[in-house]
Amino acid sequence: MRISWEQLRENILRCENCELGKGCIQKVPGQGDAHAPLMLIGEGPGEQEDRQGLAFVGPAGQLLTRMLAAINLPRDRVYICNVVKCRPPHNRQPSPEEIQACIGHLRAQTALVKPRVLLLLGATAVSAVLGPQYRITRCHGQWFERKGVWIIATYHPSALLRDASKKKDAWEDLKRVKARLQELSLYSDLFEEENA
Ligand code: URA
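Everything quoted here is computed from the prediction, not taken from an experiment. (Residues numbered from 1 in each chain as written. Predicted model: local features only at pLDDT ≥ 70, side-chain atom pairs only at ≥ 80, totals over all residues. Heavy atoms only, no water.)

A. Up close: the pairing of strand 3 (residues 79-82). Covered by surrounding structure in strand 3 are Tyr 79 and Cys 81 together with Ile 80 and Asn 82, the residues of both alternating faces. Pairing of strand 2 (residues 38-42) with strand 3 involves four bridges; the strand directions are parallel. For Leu 40, the partnering residue across the bridge sits in strand 3 and is Ile 80. (Buried < 20%, exposed > 50% of the residue type's maximum accessible area, 1.4 Å probe, protein only. Helix = DSSP H or I, 4+ residues; strand = E, 2+ residues; numbered from the N terminus. Pairing = 2+ DSSP bridges.)

Have a look at this one:
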């Protein structure tokens, strides 16, 4: 049986599946449209996210907001969360064990949102969702279909802030996301306005 949003939130807030919860200020479950056709998955909360309890609100989040705006998507029309819900110390990558400990929350979240399209942001999301054998450098911009959900990966916005030369590829990836959403007649209110 599928759990409710309230139950999921409670499970995340009380979670002690790994040690990350002991070192963070607060858990960051994720936010946005609870039934969004497009769901975005990042790596884990950073400093600002840990302070505010919201996903992608620091510098990487601000870039993400601009990237979505570039394809005419306001942030509040998508659902945004992370693979791990607690900030890893010094923003290190979560370990495979920490990802495993948290993956049930992400699965429950995906089952509740029921997105038609999933956008994976960076290597950790790719490894957690597609499998550790997939590499972001090779698989970004490619479509995968799993149980009726279209999945695509692009570079993490933090990686784009570190290395601007990746922005061109990320823009191509985002244009593919928009084209797929249009093909599936999703967000037609937003994209119709554009064609008017
Ligand atoms: N990086 C992430 O992966 N997620 C956030 O929420 C912020 C930065």
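B. How the structure looks around the pairing of strand 2. Summarising burial for strand 2: five of the five residues are buried, a large majority. Here strand 2 shows no split at all, with Leu 38, Leu 40 and Gly 42 on one side and Met 39 and Ile 41 on the other all buried.

C. Up close: the site of the ligand. Around the ligand sit Gly 42, Glu 43, Gly 44, Glu 49, Ala 55, Phe 56, Asn 82 and His 156, and those are all the residues in its vicinity. Between an oxygen atom of the ligand and a main-chain N or O atom of Phe 56, the distance comes to 2.8 Å. Burial of the ligand by the protein chains amounts to 92% of its free accessible area of 230 Å². The site holding the ligand turns out to be the largest pocket. The residue makeup of the shell around the ligand, split by class, is two nonpolar, four polar and two charged. (Near = heavy atom within 4 Å. Polar contact = N/O pair within 3.5 Å; in protein donor to acceptor, adjacent residues only side chain to side chain. Areas by Shrake-Rupley, 256 points an atom, 1.4 Å probe, with all protein chains shown as cover. 1 Å grid on protein atoms, 1.4 Å probe; cavity = no way out; pocket = protein on both sides within 12 Å on 5 of 7 lines; lining within 4 Å. Sits in = over half its atoms within 2 Å of the grid points. Nonpolar A, V, L, I, M, F, W, Y, C, P; charged D, E, K, R; others polar.)

D. A look at the packing of helix 1 (residues 5-13) against helix 5 (residues 96-113). Between helix 1 and helix 5, the least distance of the axes is 11 Å, while the angle of their chain directions is 160 degrees. Put simply, helix 1 runs roughly antiparallel to helix 5. Like other packed secondary-structure pairs, helix 1 and helix 5 cross with a definite hand, here left-handed. For the pair helix 1 and helix 5, contact is made by Trp 5, Leu 8, Asn 11 and Ile 12 and by His 105, Ala 108, Gln 109, Leu 112 and Val 113, respectively. Among the residues making up the contact of helix 1 with helix 5, the classes are represented as six nonpolar, three polar and no charged. (Axes fitted to C-alpha atoms, helices over the stretch in contact; angles between N-to-C directions. Parallel < 35°, antiparallel > 145°, perpendicular 65-115°, else oblique. Left-handed = near helix turned anticlockwise from the far one by under 90°. Contact = heavy atoms within 4.5 Å.)

E. Inspection of helix 5 at higher detail. Along its 18 residues, helix 5 runs 25 Å from first to last C-alpha, staying within 8% of the 26 Å computed at 1.5 Å per residue. Of all the bends found along helix 5, the most pronounced is centred on Cys 102 and spans about 45 degrees. If you follow the buried residues of helix 5, they end up packed against helix 1, helix 2 (20-23), strand 2, strand 3 and helix 6 (123-129). Lys 114, located one to two residues past helix 5, shows a positive phi value of around 50 degrees. (Expected span 1.5 Å × (residues − 1). Bend = angle between axes of the 7 residues up to and from the residue.)

F. Broad picture of the layout of surface pockets. Taken as a whole, the largest pocket holds about 580 Å³ of empty space. What lines the largest pocket is a set of 28 residues, among which Glu 43, Ala 60, His 156, Ser 158 and Arg 162 lie closest to the centre. Among the elements of the structure, helix 3 (47-52), helix 4 (59-70), helix 6 and helix 8 (157-162) are those that each provide at least two residues to the lining of the largest pocket. No other element matches the four residues that helix 8 contributes to the lining of the largest pocket. Residues of the lining of the largest pocket, tallied by class, amount to 10 nonpolar, 11 polar and seven charged. The volume enclosed by the second largest pocket comes to roughly 480 Å³. Forming the boundary of the second largest pocket are 15 residues, of which Arg 107, Thr 110, Leu 118, Val 129 and Lys 147 lie nearest the centre. (Points joined across faces, edges and corners; volume = space filled by probe spheres on them.)

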